[in-house]
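What follows is each chain in one-letter form.
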Amino acid sequence: MLSRIADSLFWLARYIERAEYTARLLDVNFHMLLEQTQQTELLRWNPLIVMAGEHERYGHMYDEVTAKNVFEFLAFREDNPSSIVQCVSKARENARTIRDRISREMWEDINGLYHIVNQFNPADEISTGPHRFCTEVKVGSHRFHGVTEATLPHDEGWEFLRVGWSLERAEMTARLVDGQGQTPVEQHPVPAADNYQWMAVLKSVGAFEAYHRQYHSSIEPEKVAEMLILNPLHPRSIRFSMNEVQSSLRGISGSGPVNYANEAERLTGKVLERLRYDTIGEIFDRGLHAYLKELMVMANEIGEAIARNYFYYEVVA
Amino acid sequence: MSANPAHSLVPGLFSGYDCGGFYDEMFASPGIPRPHYLKLFQSLAAMSPAQFEERRKLADLSFLLQGITFTVYNDGRGTERLFPFDLIPRILPWREWDHVNRGLSQRVVALNLFLKDVYGPQKILKDRRIPRHLVYSCRNFRREMIGVDVPLGIYTHICGIDLVRDSKTGELCVLEDNARTPSGVSYVLENRLVMTRTLPDAFQEYQVQPVGHYPAELARILRSLSPRGGQEGSIVLLTPGIFNSAYFEHSFLAQQMGIELVEGRDLIVDGGVVYMKTIRGLSRVDVIYRRVDDEFLDSLSFRADSMLSVPGLMAAYRAGNVALANAVGNGVADDKAIYAFVPEFIRYYLGEEPVLRSVETFLCSRPDDLRYVLEHLPELVVKATGESGGYGMLIGPRADKARIEEFRQCIQADPRNYIAQPVVPLSRVPSYDQNTGAMGGRHVDLRPYCLYDGDKVTIVPGGLTRVALQRGSLVVNSSQGGGSKDTWVLFGES
């Protein structure tokens, strides 16, 4: 497989995943936060921008943090490279450069999603709220996964897609938990509000019901964090996602469970060791923020190592 | 009351249809369809305009969802557009197609012999059958190719030859040759697919020759060129990339043939051998179906500023380590001034008379022709010899004074770079006009795609019928607002 094509598959999957994540974040938080009228707009909406990892850019573009601005910024802004519309657009561009390598159904699906999100009129949606728009994006992403699963041979190209979306998922979940953890509790005038926001975190990743089945308890920050960081089976936990990354990287290189074939595999193995044996108590003792920050840095390093090993290696000619 | 049964059927879609003094592919005379169009006409006659509109929307949606688009450049940012598809097919009965097929085969073989000669012994120049200066002054003549042995002696693996029907004679004649990187064949295949989905009822009334074997035939020819022998060859399609107007076609053909679609940056030349960069290191490439123009192929040989280039590619090609299709330097054969000599090539190399007529052509490099052209600019079509895609063209009768003067100065400054032809009144096919909700006659040409394996020429029946969708327009190029139609070659006469 051409390096360029592997690169495009990797990014195609990442962009779709990022679009879905941002849509989930917006959809859940937007409606939940609307209820919390006792807080200032800034306090309510700021975490959302932090979770999307675009705090700085937002500051350059807007003077005020308001529901409408945040929605516009995360969903529609063309000059925000992480906005949903931009992610879908870039996913389509990547798909277009490799449309001979993906199935016709995959291409038509991504192309269809692109036309759908571009048919929305930002002004209308901003007044009616993000639900309709976000639902389209989520469903579009699910369709993409389904069509890919069902029509693309599960060869190395498929593994690059899987590395892409899993790595993106690990990073986004880390950012999501971190964004929530960073909102200081003492800023909340009502104690229950904190749990509201952790509930929103769970709902954003579709883990609300699973949480209750597992813990039979009310929403507690430690348990939510445990579920999203360390749970081996929930598809959006960091550990699960990293496990997927490892299994795909091994699928590509053909290396077995006892050794590693390249730097990306070594780093992934190292992250996974921690996720397997750390307890949530230890993590909170050391500080949640620092821990997640480290995970994000390592996820980033894994991405770079993959690129160096498979996409942009030096050719000695 | 009309005595003609067909006439009494004339329904909403065709009400007020006017052949306008042109050869109409569907109607022999107003209201009377030609025999091979009768069944289609009746099928459309049974349809209300609303029903037709519904089918048309279905076809458009199908193209949009598949992302079958092309890019236009002259609006400054390269916008993606749908290539308009008109539902009314262009139908050719077998006997006429057979004639065209023979004429095109003859022409392709002659063009190939010319290229082999002009980059080899140059007998035709020594025999003074074409002026040496005309060949050497051609912008696309590549001196680097002189003396190069190309695989199997084939230059013109793929040719797109544009035909038009002259309304005055009713005869199909050759308007120009495209022997470099002709595009459009993917639309032939996609149009057929959409056609059978959208008008299955009408399609079933006919026995239409299939077109789907094109990619397989092209792949067979490409495989035969491998310097390492048929089984071992690794074939790739080299594209300029996603911003090229024909990008859809490049990816489409690569996918259909099951070959790798590569860009210049994916390839690397080492020790005179071409490799592609894969996730597992370098992998040898034997045959390149290149859709990149000569001058962008190799920055060491041609344009140093090319971003698409594979440095060292020409050296590998000359060493015989990689095959290119089409060959480098083919532009000398499809130059619009050289065009005037193709009938001579056929006589010189094959000892035959041309089966298909060419359009009368004035070479501005000839003083007499130049004088005539300058005196008759408002009546003529002027074309820059090295251009393609409908760029660099003047249609005298449609141009204003300023534009004519602009061309006059260009021609005087560089006569070699221009030719002129009388305006050919192109034939028309009824096409749906969204503004009026009815059929209107629109001018068409036809580009068949000819594949040459050194032994025989294979032509997928029909080709791309391009249609000037704007009322009265004669320019069919997609970059200039043209659309396309499905082309049906019948197994019989109707």
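Rules and cut-offs
- Residues numbered from 1 in each chain as written.
- Chains lettered and ligands numbered in written order.
- Predicted model: local features only at pLDDT ≥ 70, side-chain atom pairs only at ≥ 80, totals over all residues.
- Helix = DSSP H or I, 4+ residues; strand = E, 2+ residues; numbered from the N terminus.
- Rg over C-alpha atoms; globule rule 2.2 N^0.38 Å.
- Buried ≥ 20, exposed ≤ 12 C-beta atoms within 10 Å, placed from the backbone.
- Contact = placed C-beta atoms within 7 Å.
- Pairing = 2+ DSSP bridges.
- Nonpolar A, V, L, I, M, F, W, Y, C, P; charged D, E, K, R; others polar.
- Arc of directions from axis to C-beta.
- Domains from an automatic or database assignment.
- Core = buried A, V, L, I, M, F, W, Y, C linked by C-beta atoms within 7 Å.
- pLDDT = per-residue confidence, 0-100.

A. Up close: the overall build of chain A. For chain A, the helix and strand inventory stands at 16 helices and zero strands. In terms of overall dimensions, chain A is globule-like: its C-alpha atoms have a radius of gyration of 20 Å, near the 20 Å expected for 317 residues. Within chain A, the fraction of its 317 residues that count as buried is 48%. Sequence separation of 24 or more characterises 70% of the internal contacts of chain A that already satisfy a separation of 6 or more.

B. Representation of the pairing of strand S23 (residues 464-468) of chain B. Residue and element names in this part refer to chain B. Across the five residues that make up S23, a large majority, five, are buried. Burial of the side chains of S23 extends over both faces: Leu464, Arg466 and Ala468 are buried on one face and Thr465 and Val467 on the other. One ladder, built from four bridges, connects S23 with strand S24 (residues 482-489); its direction is antiparallel. For Thr465, the partnering residue across the bridge sits in S24 and is Lys485.

C. Quick look at the interface of chain A and chain B. On the side of chain B, 20 residues touch chain A, which itself brings 17 residues to the contact. Every element with two or more residues in the side of chain A that touches chain B is listed here: helix H1 (3-35), helix H5 (84-97) and helix H6 (104-119) of chain A. In terms of residue count, the dominant contributor to the side of chain A that touches chain B is H6(A) (five residues). Residues of the side of chain A that touches chain B, tallied by class, amount to seven nonpolar, five polar and five charged.

D. Examining helix H13 (residues 342-350) of chain B more closely. All names here are of chain B. Among the residues making up H13, those that are buried are Val342, Phe345 and Ile346. Seen from one end, H13 has its buried residues packed into an arc of 100 degrees, which puts them on one side. Following H13 by one or two positions, Gly351 has its phi on the positive side, about 65 degrees.

E. Up close: the environment of Phe345(B). Residues and elements named next belong to chain B. As for its placement among the helices and strands, Phe345 is situated in helix H13. For Phe345, a count of 25 C-beta atoms within 10 Å corresponds to the buried category. Setting aside anything within four residues of it in sequence, one finds Phe345 in contact with Ala110, Leu111 and Phe114.

F. Focus on the domain arrangement of chain A. All names here are of chain A. Entries for chain A in the domain assignment read domain 1 (1-152) and domain 2 (157-317). On a C-alpha basis, the centroid separation for the pair domain 1 and domain 2 is 20 Å. Looking at the side of domain 1 that touches domain 2, the element that brings in the most residues is H1, giving 18 residues.

G. View of the sheet that holds strand S15 (residues 362-363) of chain B. Residue and element names in this part refer to chain B. Reading across from one edge, S15-S18-S16-S17 is the order of the four strands in this open sheet, with antiparallel pairing throughout. Each edge of the open sheet is held by one strand with a lone partner, namely S15 and strand S17 (393-395). Where strand S16 (residues 380-384) and strand S18 (residues 418-422) come together, five bridges link them in antiparallel fashion. Its bridge partner being in S18, Val382 is matched across the sheet by Ala420.

H. Highlighting the nonpolar core. Core analysis: the largest hydrophobic core is formed by 233 residues, its most contacted members being Ile84(A), Leu111(B) and Cys450(B). Per element, the largest residue contribution to this core is 17 residues, and it comes from H1(A). Other than its neighbours up to four places away in sequence, Ile84(A) contacts Ala19(A), Thr22(A), Ala23(A), Leu74(A), Ala75(A), Val117(A) and Val137(A).

I. Looking closely at the domain arrangement of chain B. Residues and elements named next belong to chain B. The domain architecture assigned to chain B consists of domain 1 (1-140 + 155-210 + 335-357 + 424-494) and domain 2 (362-422). One C-alpha centre belongs to domain 1, the other to domain 2; they are set 25 Å apart. Taken together, the 15 residues of domain 1 in the interface contact 12 residues of domain 2. Per-class residue counts for the side of domain 1 that touches domain 2 are six nonpolar, six polar and three charged.

J. Main features of the confidence of the model for chain B. All names here are of chain B. When the pLDDT values of chain B are averaged, the result is 91; 94% of them are 70 or greater. Between the elements of chain B, mean pLDDT differs from a low of 44, seen in helix H1 (residues 5-8), to a high of 98, seen in strand S21 (residues 449-452). Reported confidences for the modelled complex are a pTM of 0.86 and an ipTM of 0.79.

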